[in-house]
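One letter stands for each residue in the lines below.
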Amino acid sequence: ELEDIRGAGTWKSERVIASRQGPHLRLAGGGAGIINFCANNYLGLSSHPEVIRAAVEALEKFGAGLSSVRFICGTQSIHKDLEEKIARFHQREDAILYASCFDANAGIFEALLTPEDAVLSDELNHASIIDGIRLCKANKYRYKHMDMQDLEAKLKEAQKHRLRLVATDGAFSMDGDIAPLREICQLAQKYDALVFIDECHATGFLGPSGRGTDELLGVMDKVTIINSTLGKALGGAAGGYTTGPKPLIDLLRQRSRPYLFSNSLPPAVVGCASKALDLLMESNAIAQSMAAKTQRFRSKMAAAGFTISGKDHPICPVMLGDARLASVMAEDMLNRGIYVIGFSYPVVPKGKARIRVQISAVHSDEDIDRCVEAFTEVGRKHGAL
Ligand code: PLP
């Protein structure tokens with residue numbers, strides 16, 4: 001089986017980092033000063049001094065961990081405080097913490113939906129949503145990626161069920177495209193459905209005050225349930241959550257299996273996320289800085305002749321088409337000190353191979369310019385330009 005994976009060219013190897021996460025890395029056994037363009041560290045908070053200090057303080061005061069699930073002996077004041085802060089950040093009634101957003105997605109559908117209900121899911125939703133839906137007994141409908149006609153057709157078909165839930169990523173991580181939430185919410189209203197969004201690639205930086213896709217598209221009061229991660233823009237340590245109406249959160253605390261049967265978030269992790277949210281609620285300067293750098297990268301790359309998928313999102317997929325080209329170009333970029341990753345089938349559709357660049361608020365303008373220059377050189381060398 002392992003040989004088959006290698007033979008298929010889908011073997012995933014891991015590069016070992018010998019420094020903190022940040023815009024500049026040292027790779028184990030390699031040189032320092034690698035510019036990193038492939039973390040989800042959108043706001044650069046993973047190594048922010050105040051975030052690290054908050055983690056150390058939480059560790060000192062509350063210990064290494066709880067050795068317990070939440071409902072037995074694992075709820076500390078910091079867990080309740082963080083849940084309250086998350087709900088306030090998203091302007092929702094309540095929130096519940098999980099060890100990861102993968103767990104939040106694994107736990108929600110089964111707890112909420114019965115065989116009498118229906119879930120309608122975008123075909124390109126994240127693997128954790130797909131797995132969460134697999135675990136539930138509701139009737140399953142998969143609509144074409146961001147295709148509102150198809151969603152409407154499926155909603156019509158699903159009228160026979162007790163309850164309908166439309167599930168979509170807010171921002172899709174492979175393409176950097178943003179779900180048409182306004183239209184989704186209109187259809188949901190028309191066909192009496194609830195809307196669920198996964199905001200892992202939106203929380204903290206999309207929308208005027210970084211609340212996410214629902215704020216960006218003006219539908220904060222129309223989206224019922226948000227799942228998101230603490231492991232990307234919000235400090236990058238780990239953890240996930242669901243936020244929404246209080247009765248729903250109450251139900252998850254009673255029924256959601258990854259919550260009931262897995263250890264509480266460690267205090268240091270809670271400390272990181274809590275400080276990250278404080279920083280974002282004080283000012284949106286960090287998010288604005290990231291948006292400006294994203295704009296700089298996207299416009300310079302387009303001027304150089306590259307096609308960048310998506311719009312205004314810090315996920316900037318440089319579309320190349322050919323899988324081998326994406327892989328050799330990414331390797332050559334690393335030789336020039338720029339760390340980027342090529343993605344090809346089966347992670348993305350055949351013929352749509354790309355190098356995904358992710359911009360962070362802590363990249364300097366010079367970092368961005370060096371990345372564009374390296375792409376231009378490598379692109380010319382391999383005939384991509
Ligand atoms: N949902 C989306 C859209 C993601 O990109 C990810 C992470 O890759 C997850 C969920 C899972 O998040 P976590 O790392 O907190 O488990």
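Bear in mind the structure is a predicted one, so any value in this text is a computation, not a measurement.

S.K.: Can you lay out the UniProt feature "domain: Aminotransferase class I/classII large" (unreviewed entry) in the protein for me, pointing to particular residues and giving the numbers?
M.R.: When the UniProt feature table is mapped onto this chain, "domain: Aminotransferase class I/classII large" (unreviewed entry) is found at residues 34-375. Across residues 34-375 one finds 44% helix and 17% strand; the C-alpha atoms that close the span lie 15 Å apart.

S.K.: So what about the site of the ligand? Which residues, and what values?
M.R.: Inspection of the region around the ligand gives 13 residues, with Cys101, Asp198, His201, Thr229 and Lys232 positioned closest. One nitrogen or oxygen atom from the side chain of Thr229 is found 2.7 Å from an oxygen atom belonging to the ligand. Measuring from an oxygen atom of the ligand, one finds a side-chain N or O atom of Lys232 at 2.9 Å. No other element matches helix H5 (residues 101-112), which puts three residues into the shell around the ligand. Grouping the amino acids of the shell around the ligand by side-chain chemistry returns three nonpolar, seven polar and three charged.

S.K.: Can you break down the packing of aromatic side chains residue by residue, with the values?
M.R.: Applying the stated rule across the entire model yields five aromatic pairs. Taking the centre distance of 5.7 Å and the plane angle of 70° together, the rings of Phe306 and Phe375 count as edge-to-face. Within this pair, whereas Phe306 is found in the loop between helix H13 (285-304) and strand S10 (315-321), its partner Phe375 is found in helix H15 (residues 365-381), the two being separated by 69 residues in sequence. Under the relative-accessibility criterion, Phe306 is labelled buried at 6%. Grouping aromatic residues by their ring pairs yields a cluster made of Phe297, Phe306 and Phe375. The ring of Tyr345 is capped by Lys350, whose NZ or CZ atom sits 4.4 Å from the centre of that ring.

S.K.: Now, about the domain arrangement of the protein: what can you tell me, with residues and values included?
M.R.: Quoted interface sizes are often the accessible area lost when the parts come together. For the protein, the assigned domains read domain 1 (1-36 + 285-382) and domain 2 (49-282). Tallying the contact residues gives 15 residues for domain 1 and 13 residues for domain 2. Taken over both partners, the interface formed by domain 1 and domain 2 buries close to 1,100 Å², and the fraction arising from carbon and sulfur atoms is 64%. Between Asp175 and Arg354 there is a salt bridge, with the nearest N and O atoms lying 2.7 Å from each other. For the pair domain 1 and domain 2, the number of links is six residue pairs in polar contact (both at pLDDT 80 or more). Among the elements of the structure, H13, S10 and strand S13 (353-358) are those that each provide at least two residues to the side of domain 1 that touches domain 2. Taken together, the residues of the side of domain 1 that touches domain 2 sort by class into eight nonpolar, three polar and four charged.

S.K.: Hey, could you go over the pairing of strand S3 (residues 94-98) for me, with residue numbers and the actual values?
M.R.: Counted residue by residue, S3 has five buried out of five residues, so it is predominantly covered. Both faces of S3 are covered, namely the face carrying Asp94, Ile96 and Tyr98 and the face carrying Ala95 and Leu97. Where S3 lies against strand S9 (residues 240-244), five bridges are found, and the strand directions are antiparallel. Bridge assignment links Asp94 to a residue of S9, and that residue is Gly244.

S.K.: How would you explain the nonpolar core if you had to name every residue and give the values?
M.R.: Leu43, Leu82, Ile86, Leu97, Phe205, Leu230 and Leu234 are the most contacted members of the largest nonpolar core, which totals 33 residues. Looking at this core, the elements that each hand over two or more residues are helix H2 (49-62), helix H4 (77-90), S3, helix H12 (267-282) and H13. At eight residues, the largest contribution of residues to this core is made by H12. Formed jointly, this core draws a minimum of three residues from each of two domains, domain 1 (1-36 + 285-382) and domain 2 (49-282). Excluding its chain neighbours within four sequence positions, the residues that come into contact with Leu97 are Arg70, His79, Leu82, Glu83, Ile86, Leu230, Gly240, Tyr241, Tyr259 and Leu265. By size, the runner-up hydrophobic cluster in this structure holds 26 residues, among which are Phe306, Ala326, Ala353 and Ile359.

S.K.: Can you lay out the sheet that holds strand S4 (residues 118-122) for me, pointing to particular residues and giving the numbers?
M.R.: The seven strands lie next to each other as S3-S9-S8-S7-S6-S4-S5, forming an open sheet whose pairing is mixed. Edge strands, defined here as strands with exactly one partner in the open sheet, are S3 and strand S5 (139-143). Across the sheet, the mean angle from the axis of one strand to that of its neighbour is 20°, orientation sign disregarded. Summarising the sheet, strand S7 (residues 193-198) and strand S8 (residues 225-229) pair through three bridges and their orientation is parallel.

Cut-off values and rules
- Residues numbered from 1 in each chain as written.
- Predicted model: local features only at pLDDT ≥ 70, side-chain atom pairs only at ≥ 80, totals over all residues.
- Heavy atoms only, no water.
- UniProt positions renumbered as here; feature names shortened; annotations may be inferred.
- Helix = DSSP H or I, 4+ residues; strand = E, 2+ residues; numbered from the N terminus.
- Near = heavy atom within 4 Å.
- Polar contact = N/O pair within 3.5 Å; in protein donor to acceptor, adjacent residues only side chain to side chain.
- Nonpolar A, V, L, I, M, F, W, Y, C, P; charged D, E, K, R; others polar.
- Phe/Tyr/Trp six-rings, centres within 6.5 Å; stacked < 30°, edge-to-face > 60°.
- Buried < 20%, exposed > 50% of the residue type's maximum accessible area, 1.4 Å probe, protein only.
- Lys NZ or Arg CZ within 6 Å of the ring centre and 35° of its normal.
- Domains from an automatic or database assignment.
- Contact = heavy atoms within 4.5 Å.
- Buried area = accessible area lost by both parts, 1.4 Å probe.
- Salt bridge = Lys/Arg side-chain N within 4 Å of Asp/Glu carboxyl O.
- Pairing = 2+ DSSP bridges.
- Core = buried A, V, L, I, M, F, W, Y, C linked by side-chain atoms within 4.5 Å.
- Axes fitted to C-alpha atoms, helices over the stretch in contact; angles between N-to-C directions.

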